[in-house]
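What the coordinates show
The chain contents come next:
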Amino acid sequence: MLCTMLAVIIPAYNEERTLPEVIRRVVSLSIVTQVIVVSDGSTDQTPAIIRQFQQSHGVIGVVCPLNGGKGAAIQAGLRYVN
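The structure presented is a predicted model; accordingly, all values stated were derived computationally and were not measured. The numbers attached to residues start from 1 for each chain and follow its sequence in the written order. In keeping with the predicted nature of the model, local features appear solely for residues at pLDDT of at least 70, side-chain atom pairs appear and are counted solely at 80 or more, and the whole-chain, interface and lining totals rest on all residues. By convention in this description, side-chain values take in all heavy atoms of the structure and omit both hydrogens and water.

1. A word on the nonpolar core
It is characteristic of soluble globular proteins that their nonpolar side chains tend to be buried jointly. The test is simple: We define a nonpolar core as any set of buried Ala, Val, Leu, Ile, Met, Phe, Trp, Tyr and Cys residues linked to one another through side-chain atoms lying within 4.5 Å. Relative accessibility thresholds used throughout: buried, under 20% of the residue-type maximum; exposed, over 50%; partly exposed, between the two (1.4 Å probe, protein chains only). Elements are defined by DSSP. Helices are runs of H or I of four residues or more, strands are runs of E of two residues or more, and each kind is numbered from the N terminus. Any pair of residues with heavy atoms lying within 4.5 Å of one another is described as a contacting pair.
By size, the foremost hydrophobic cluster in this structure holds 13 residues, and its most contacted members are Ile 10, Leu 19, Ile 23, Val 26, Val 35, Val 37 and Val 59. Listing elements by their share of this core, those giving two or more residues are β1 (6–12), α1 (19–27), β2 (32–40) and α2 (46–57). Once you skip the residues sitting within four places of it in the chain, Val 35 turns out to touch Val 8, Ile 10, Val 26, Val 27, Val 59 and Ile 60. By size, the runner-up hydrophobic cluster in this structure holds six residues, among which are Ile 36, Val 62, Ala 73 and Ala 76.

Following this line, the structure appears as structure tokens:
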């Protein structure tokens, strides 16, 4: 059986330079139905970029105030998967 719905969780820590392009590429994939971007305690503009893409592309944004590591960011994102 082929899964037709795919949620993608993007953990990000201080990724302001690369995050916009990553989100654009993931959102453009036809198989992806949900994009969740998690800022894991970022201190740069990563949270602002996530908010921008929430408005413009409908991604789900999660901002964790402290860095818990990639595993914690993925667990935080999993809470939002439909």
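2. What to know about the pairing of β2
So the rule is basically this: Any two strands with at least two DSSP bridges between them are considered paired. Here a crossover is taken to be right-handed if, once the strands point away from the viewer, the path from the first strand over the helix to the second is traced clockwise.
Counting buried residues in β2 gives eight out of nine residues, a clear majority hidden from the surface. Where β1 lies against β2, seven bridges are found, and the strand directions are parallel. Residue Pro 11 lies in a different strand from β2, and its bridge partner there is Val 38. With respect to chirality, the unit in which β1 leads through α1 into the neighbouring parallel β2 is right-handed. Across five bridges, the pairing between β2 and strand β3 (residues 60–64) is parallel. Its bridge partner being in β3, Ser 39 is matched across the sheet by Val 63.

3. Focus: the sheet that holds β3
Which entries qualify depends on this criterion: Here the axes come from fitting lines to C-alpha atoms, over the contacting stretch only for helices, and the angles between their N-to-C directions go from 0 to 180 degrees.
On the basis of which strands lie adjacent, the open sheet formed by three strands has the order β1-β2-β3 and parallel pairing. Each of the sheet's edge strands pairs with one partner strand only, and the pair in question is β1 and β3. Sheet twist, expressed as the mean angle between neighbouring strand axes with direction ignored, is 15°.

4. Side note on the environment of Ser 39
For clarity, the threshold we go by: As used in this structure description, the phrase polar contact means that two N or O atoms lie within 3.5 Å; if the pair is within protein, one of them must be able to donate a hydrogen and the other to accept it, and residues adjacent in sequence are counted only when both atoms belong to side chains.
Topologically, Ser 39 is positioned in strand β2. For Ser 39, a relative accessible area of 0% corresponds to the buried category. Not counting the four nearest positions on each side in its chain, Ser 39 is found in contact with Ala 12, Thr 46, Pro 47, Ile 50, Val 62, Val 63 and Cys 64. Engagement of the side chain of Ser 39 in a polar contact is seen with the side chain of Ser 42, the distance being 3.1 Å.

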